[in-house]
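Analysis of the macromolecular model
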Amino acid sequence: MTAPLREFAPNLWIGEGPVVPFICGFHYPTRMAAIQLAEGRLFVWSPVALTPALKDQVESLGQVACLVSPNLLHHLYLGEWKEAFPAARLFASPGLKRRRKDLAFDAELLDAPDPLWAADIDQVLLHGSFIMTEAVFFHRASRTAIFADLIENFPPGWFSGWRGVLAKLDGIVAPNHGAPREWRASFLRRKLARAALQRILDWPIERAVIAHGDCAEKDGAAFVRRGFSWLM
């Protein structure tokens, strides 16, 4: 049987979750990441639906230290993970505390990494949108950048019919990956957004994990730059 998580890079695993419905009948695949920190515990990013097999594999990798939501859309399974791993600290993306009042968050993500993972992972809040702010992460040891919705890279054919046409126009289908155009249009404060983007581009990126679509296992810096060509 295939393990729920596969090693994407040294000390970094990714796992595929269920396909979930989004607006207008668009169905999105889901993906999580787990990073083993130098002290041995796990940083879990955008957790997907927790199956028994996934729980067993996560526990085999180490104790879960934190559960992290990168933006307002990535929160569906936080509750079940917190119930399964009650000692883990729960981190909200900007604004999520107001949306998920049923969850007891320990902290909200800031523009600098929490001390819990600062030695291993850097982070930047991509400011400038009036809709949503996403936290982007960088695992230093594997030189991997991690994006939720700021880069979407669906394979051609994932969406069919008029949805397929719209997805291409939206700029989220390979090889023209990136953020959906309606979200791009919400970045009215471009100076703030470009300053945050420059911090991301300054990372020595070799790989990129994304939540929706195909990740970049090589040439990560070029992949990220192309995904943000609309902002550069």
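Our structure's up above, just so we're on the same page.
First things first, this report covers the structure right here in the doc. (Residues numbered from 1 in each chain as written. Predicted model: local features only at pLDDT ≥ 70, side-chain atom pairs only at ≥ 80, totals over all residues. Heavy atoms only, no water.)

**Points about the overall build of the chain**
In terms of regular secondary structure, the chain is built from seven helices and 13 strands. Relative to the 2.2 N^0.38 estimate, which gives 17 Å for 232 residues, the radius of gyration of the chain is 17 Å and therefore close to what a compact globule would have. Here the chain holds 232 residues, and 55% of them are scored as buried. A fraction of 55% describes how many contacts in the chain between residues 6 or more apart in sequence connect residues 24 or more apart. Surface exposure of the chain reaches about 10400 Å², of which carbon and sulfur atoms provide 56%. Of the side chains in the chain, 26 bear a positive and 24 a negative charge, and the two mean positions are spaced by 7 Å. (Helix = DSSP H or I, 4+ residues; strand = E, 2+ residues; numbered from the N terminus. Rg over C-alpha atoms; globule rule 2.2 N^0.38 Å. Buried < 20%, exposed > 50% of the residue type's maximum accessible area, 1.4 Å probe, protein only. Contact = heavy atoms within 4.5 Å. Areas by Shrake-Rupley, 256 points an atom, 1.4 Å probe, with all protein chains shown as cover. Lys, Arg positive; Asp, Glu negative; His and termini not counted. Charge placed at Lys NZ, Arg CZ, Asp CG, Glu CD.)

**Focus on the side chain of His 212**
Tracing the sequence through the fold places His 212 in the loop between β13 (207-210) and α7 (220-227). Given the relative accessible area of 5%, His 212 is considered buried. Side chain to side chain, His 212 and His 74 meet in a polar contact 3.4 Å long. The contacts of His 212, once residues within four sequence positions are left out, are Tyr 28, Pro 29, Arg 31, His 74, Ala 148, Asp 149, Glu 152, Asn 153 and Phe 154. (Polar contact = N/O pair within 3.5 Å; in protein donor to acceptor, adjacent residues only side chain to side chain.)

**Comments concerning the environment of Pro 70**
Locating Pro 70 in the fold gives a position in the loop between β7 (64-68) and α2 (78-84). Its relative accessible area of 0% is what places Pro 70 among the buried residues. Put simply, Pro 70 and Phe 85 are 15 residues apart on the chain and 19 Å apart in space, counted from C-alpha to C-alpha. Apart from residues no more than four positions distant in its own chain, Pro 70 is found in contact with Trp 45, Ser 46, Ser 93, Thr 133, Glu 134, Ala 135, Phe 137 and Ala 148.

**A word on the pattern of salt bridges**
Counted by the stated rule, this structure contains eight salt bridges. A salt bridge links Arg 41 to Glu 39, with the nearest nitrogen and oxygen atoms 3.0 Å apart. The class of Arg 41 is partly exposed, set by a relative accessible area of 28%. Its salt-bridge partner being Arg 100, residue Asp 102 comes within 2.8 Å of it at the nearest N-O pair. (Salt bridge = Lys/Arg side-chain N within 4 Å of Asp/Glu carboxyl O.)

**A word on the sheet that holds strand β5 (residues 31-36)**
Taken together, the seven strands give an open sheet; going across it, the order is β1-β2-β5-β6-β7-β8-β9, and neighbouring strands pair in mixed fashion. Whereas interior strands pair on both sides, the edge strands pair on one side only; in this sheet they are β1 (5-9) and β9 (107-108). Two strands pair when backbone bridges link them, and strand β8 (residues 89-92) and β9 are joined in this way by two bridges, in the parallel orientation. The residue of β9 that forms the bridge with Ala 92 is Glu 108. Packed onto the sheet, helix α1 (residues 52-61) meets β1, β2 (12-16), β5, β6 (42-45) and β7 and runs at close to 45° relative to β1. (Pairing = 2+ DSSP bridges. Axes fitted to C-alpha atoms, helices over the stretch in contact; angles between N-to-C directions.)

**Remarks on α7**
The set of residues buried in α7 consists of Gly 220, Phe 223, Val 224 and Gly 227. Each buried residue of α7 sits inside an arc of 95° when the element is viewed along its axis, so together they form one side. Lining the buried residues of α7 we find β12 (144-147), α6 (190-201) and β13. (Arc of directions from axis to C-beta.)

**Things to note about the pairing of strand β10 (residues 121-126)**
Most of β10 sits out of view: six of its six residues are buried. Side chains of β10 alternate between two faces, with Ile 121, Gln 123 and Leu 125 and Asp 122, Val 124 and Leu 126 buried alike. Here β10 runs beside strand β11 (residues 134-139); their pairing, made up of six bridges, is antiparallel. Note that in β11 the partner of Leu 126 across the bridge is Glu 134.

**Some points on α6**
For an α-helix, the turn length of 3.6 residues means that residues three or four places apart are oriented alike. Here α6 is twelve residues long and its end C-alpha atoms lie 16 Å apart, about the 16 Å a rise of 1.5 Å per residue gives. All buried positions along α6 are accounted for by Ala 193, Ala 196, Leu 197, Ile 200 and Leu 201. Viewed along the axis of α6, the buried residues span an arc of 145°, placing them on a single side of the element. Close packing links the buried residues of α6 with β10, β11, β12 and α7. (Expected span 1.5 Å × (residues − 1).)

Without other data, these values stay purely geometric and don't point to any function.
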